[in-house]
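Chain by chain, the residues:
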Amino acid sequence: MSLSDAIPALLVLADGTAYRGWSFGATGTTIGEVVFNTGMTGYQEVLTDPSYCGQIVIFTYPELGNTGVNPEDEESLRPQARGAIARNICHKPSNWRSAQSLPEYLKQHQVPGIYGIDTRALTRKIRMFGAMNGGISTEILDEAELLEQVQGFPNMAGLNLVKEVSTPQVYEWSEPTIPDWEFNQENVTNGGETFTVVAIDFGVKRNILRRLASYGCRVIVVPVNTPAEEILSYNPDGIFLSNGPGDPAAVTEGIATVKTLLESQKPMFGICMGHQILGHALGAETFKLKFGHRGLNQPAGLQRRIEITSQNHSFAINPDTLPQAVVEISHLNLNDRTVAGVRHKSLPIFSVQYHPEASPGPHDADYLFEQFVQAMRSLSTVTNAEVK
Ligand SMILES: NC(=O)CC[C@H](N)C(=O)O
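Every chain is numbered independently, its residues counted from 1 as its sequence is written. For this predicted model, a pLDDT threshold of at least 70 governs which residues receive local features, and a threshold of 80 or more governs which side-chain atom pairs are given and counted, while totals over whole chains, interfaces and linings are taken from all residues.

Colleague: Quick one: what's the story with the sheet that holds strand S8 (residues 112–115), residue by residue and with numbers?
Modeller: Spatial strand order, S1-S2-S8-S6-S4-S3-S9: seven strands in a closed barrel with mixed pairing. Strand-to-strand twist in this sheet, taken as the mean axis angle between neighbours without regard to direction, amounts to 35 degrees. As paired elements, strand S6 (residues 83–86) and S8 share three bridges and run parallel to each other. Following the sheet pairing, Ile85 is matched in S8 by Ile114. At least two bridges found by DSSP between two strands are what make those strands a pair. Starting at the N terminus, helices and strands are each numbered in turn, a helix being any DSSP run of H or I of at least four residues and a strand any DSSP run of E of at least two. Between N-to-C directions, angles span 0 to 180 degrees; the directions come from axes that are lines fitted to C-alpha atoms, helices contributing only their stretch in contact.

Colleague: Which residues make up the site of the ligand, and what are the values?
Modeller: Placing the C-beta atom from the backbone, one calls a residue near a molecule or strand if that atom lies within 6 Å of it. As a structural note, the neighbourhood of the ligand is formed by Ser51, Asn243, Gly244, Pro245, Gly246, Pro248, Cys272, Met273, Asn312, His313, Ser314 and Phe315. For the shell around the ligand, the element with the most residues is strand S16 (residues 305–317), which contributes four residues.

Colleague: Report on the domain arrangement of the protein, specifying residues and quantitative values.
Modeller: Here the protein is partitioned into domain 1 (3–151) and domain 2 (162–387). Marked domain ranges trace back to an automatic or database domain assignment. Computed from C-alpha coordinates alone, the two centres of domain 1 and domain 2 are separated by 29 Å. Counting residues per element, the side of domain 1 that touches domain 2 draws most heavily on strand S3 (residues 29–37), at three residues. Looking at the side of domain 1 that touches domain 2 residue by residue, the classes come out as eight nonpolar, 10 polar and five charged. Here the term charged refers only to Asp, Glu, Lys and Arg, the term nonpolar to Ala, Val, Leu, Ile, Met, Phe, Trp, Tyr, Cys and Pro, and the term polar to all other amino acids, Gly among them.

Colleague: Break down the nonpolar core for me, with residues and values.
Modeller: A general tendency of soluble globular proteins is for nonpolar side chains to be buried together. Any nonpolar core is a set of buried residues, restricted to Ala, Val, Leu, Ile, Met, Phe, Trp, Tyr and Cys, that join up through C-beta atoms within 7 Å. For every residue, the other C-beta atoms within 10 Å of its own C-beta are counted; 20 or more classify it as buried, 12 or fewer as exposed, and values in between as partly exposed. C-beta atoms are placed from the backbone. Ranked by internal contacts, the top residues of the largest apolar core, which has 97 residues, are Val57, Ala84, Ile85 and Leu212. The residues that make up this core include at least three from each of domain 1 (3–151) and domain 2 (162–387).

Okay, structure coming up:
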């Protein structure tokens, strides 16, 4: 593509700052919360992660699209981010798995992007002043006009976006990580046991379902508004609470369901939104971070063990509101010491603010899936012994 074919695009932030660049992906106008991701790989997984619904992602890695996109790396049915911001774009991908270029893919799914932006300056701005709404347009090139639209857009705090991405129907997932990519061959076969897990879908990433399946789980994925009685009617060995977009405090139906499910005392594991929902169900509160954590090298841990983790979140549990008699903090984010994991003191219930399934990201935290399975195994052994 020559520069003379490039379509001018405008990016305006809610504080009035404007950046000019060129369009990639779809043309038109898009508005959302502008956030930055510092990962050096995984743009396709990031763009298709349902937790990015409602957000425009600045990629700090300087060139996007070199390896194209392929059907296996989709984290959901389609790109979920509202837009993408890049320093530079590769129009001719080179990779044996590539099926399509990133610009073509975003165009096909009507997601606008802008490149030619000084993403370092933009990221520093968001870091200093916090995540804010912004708009990208190829049709409104007047800064004041686009700013008016951006300023009329709702803020992320208070938004329930889960309904936009949760599955409309119940489905079963049994596909594990493919053998070529399985990095934990010894543990995942799970001795042929099968555990039934009901996953509440707040906007689940496929790699979570794959990791659960690799550890021997048959996963029944249910919509966010599924009543607790229906969830328990599947007679699950464990309950999984997924990741998802928007403000956790606004997902009141999910919080109420989890509160009821806690009474069943079944093993429960939550990731990201699932962790925040569990926090609310236990009586804690969440707050919005200034610019969130999005990247592949966020350190988490407590005392001696540190995991390098994949993260993508805006909100966090307020530690002062956690019921200390019932739960303890299991992990902190070691960059800013916000809560990164909690564990119930007497029941097999735990959750993390980060993404142990990676995709993209490191595998340090994969052991958490094993812990969940271990909790279900211990319980089923106790129950079988009682029956005998
Ligand atoms: N990845 C997630 O589940 C994100 C959770 C929540 N939407 C947040 O931004 O904090």
